[in-house]
Amino acid sequence: MKRIAYTFIALSLLLSSCGNDDAVPAPQGADWTPSFSRSLSQEVRIVGRKDGETQFSHILIPSVDGGAASWKDNAKPASDKVAASNEFIAFMPADDVLPKQVEHDGTTEYLVDYHDEKPRSFTMYPLMAQMKVHIWVELSEADSKEHTLTNDSIYLYTKADVDYPNKTLKNPSARKRVYWGTVAQTDETDDDGRYFRKLSMETPLLVIPQTFAAAEEILWFSIGKAHYYFKLDAPVELKPGYLASLTLHVTYEEEEDEETPSDSPTKKVIAVDKHTITITPWEMGETYNEQVTTPDK
């Protein structure tokens, strides 16, 4: 009888220890596979670092339906490398290594996430801003066929350093003139009989976040034989994850303005002094189709 009692007591102690919240956790497995907070269309590089030194670097393929991701070629990070890391970085697009600096090309979306401990999922944050230019040219319908837009440029910073812990870009540099991209042209007559040529970027330009200073030439273009430049009357910040939509109202002229820009791309120039600008959030992976209204008289 005593032997049965001792056996019962030992069994009770064992069950009690198994249910204790302070029990030692099981060793970490080698199948850590974080997911993403939403579906993405590109592969994502996942890097673990310890005090700035890379412990592992592999590629995750996001699920198209927002479910669990999968390691490319089933190449999973080793469990000891995961455990050793105190920085976990996700970066898209998944190049060979994490870049210290990114460069504007007008179309590439850079996204990042950062954790100081092993995450279950990543939320990708945009590093780039968007900009879209619309121009309303008021001219006579008879002359409109001869007056097409000639793209010139926007004056932009084109490089910046990646600040991974703060999930942002810093130190913008390499400022130069950047080509707009493809511009759609349509014609419209308003209720007052005014004829307009509407010019608009077909897709927004992805740019390094930066601030346009007031009273500084930032944009140039030509329409027929008239050449224009544009200055803002107040600073405008191009924010990551936001679209800055600039609408210019232009009356076609060929006479040279009294003020000449410091770096004129052409001989005859006219200052644009009527504009509106709006800044709104944009959805990554989607084309922004903005409805532009007729400028005020």
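Just so you know, these numbers come straight off a predicted model, no measurement behind them. (Residues numbered from 1 in each chain as written. Predicted model: local features only at pLDDT ≥ 70, side-chain atom pairs only at ≥ 80, totals over all residues. Heavy atoms only, no water.)

Undergrad: Quick one: what's the story with the packing of aromatic side chains, residue by residue and with numbers?
TA: Within the structure shown, the criterion is met by 11 aromatic pairs. Ring centres of Trp32 and Trp71 lie 6.1 Å apart, and the angle between their planes is 50 degrees; on these two criteria the pair is classed as tilted. Placement of the pair is Trp32 in the loop between helix H1 (2-18) and strand S1 (35-36) and Trp71 in strand S4 (residues 70-71), with a sequence separation of 39 residues. For the pair formed by Trp32 and Trp71, the shared burial category is buried. Between Tyr155 and Trp220 the ring centres are 6.3 Å apart and the planes differ by 70 degrees, which places this aromatic pair in the edge-to-face class. Placement of the pair is Tyr155 in strand S11 (residues 149-163) and Trp220 in strand S17 (residues 217-223), with a sequence separation of 65 residues. Taking relative accessible area as the criterion, Tyr155 reaches 27% and is therefore assigned partly exposed. Three or more aromatic residues link up through ring pairs in this structure, and these residues are Trp32, Phe56, Trp71 and Phe88. Sitting over the ring of Trp220, Arg177 keeps its end group 3.7 Å from the ring centre. Note that Lys239 overlies the ring of Tyr242, its terminal NZ or CZ placed 6.0 Å from the centroid. (Phe/Tyr/Trp six-rings, centres within 6.5 Å; stacked < 30°, edge-to-face > 60°. Helix = DSSP H or I, 4+ residues; strand = E, 2+ residues; numbered from the N terminus. Buried < 20%, exposed > 50% of the residue type's maximum accessible area, 1.4 Å probe, protein only. Lys NZ or Arg CZ within 6 Å of the ring centre and 35° of its normal.)

Undergrad: I'd like to hear about the sheet that holds strand S5 (residues 87-92), residue by residue, with values.
TA: Consider a sheet: its strands pair through backbone hydrogen bonds, and that pairing is either parallel or antiparallel. Strand order in the open sheet formed by six strands is S4-S3-S2-S5-S7-S9, and the pairing between neighbours is antiparallel. At either margin of the open sheet sits one strand with a lone partner, and together these are S4 and strand S9 (125-126). Across five bridges, S5 lies against strand S7 (residues 111-115) in antiparallel orientation. What sits directly across from Phe91, in S7, is Val112. (Pairing = 2+ DSSP bridges.)

Undergrad: Outline the pattern of salt bridges, listing residues and values.
TA: Applying the stated criterion across every chain, the model contains eight salt bridges. In this structure, Glu216 engages Arg175 in a salt bridge whose closest nitrogen and oxygen atoms are separated by 2.9 Å. Residue Glu216 is located in the loop between strand S16 (210-212) and S17, and its partner Arg175 is located in strand S12 (residues 168-178); the two are separated by 41 residues in the primary sequence. Residue classification places Glu216 among the partly exposed positions, given a relative accessible area of 23%. Its salt-bridge partner being Glu188, residue Lys198 comes within 3.2 Å of it at the nearest N-O pair. With Lys198 in strand S14 (residues 195-201) and Glu188 in strand S13 (residues 183-189), this pair connects stretches of sequence that are 10 residues apart. One connected set of salt bridges, linked through shared partners, spans Glu138, Asp190 and Arg194. (Salt bridge = Lys/Arg side-chain N within 4 Å of Asp/Glu carboxyl O.)

Undergrad: Can you break down the pairing of strand S10 (residues 129-138) residue by residue, with the values?
TA: S10 sits mainly inside the fold: nine of its 10 residues count as buried. By the bridge criterion, three bridges tie S10 to strand S15 (residues 205-207) in an arrangement that is antiparallel. The residue bridging Met131 from the neighbouring strand is Leu205, located in S15. Here nine bridges tie S10 to strand S20 (residues 242-251), and the two strands are oriented parallel to one another. The residue bridging Lys132 from the neighbouring strand is Ser245, located in S20. Looking at chain direction, S10 and S14 are connected through five bridges and run antiparallel. What sits directly across from Trp136, in S14, is Lys198.

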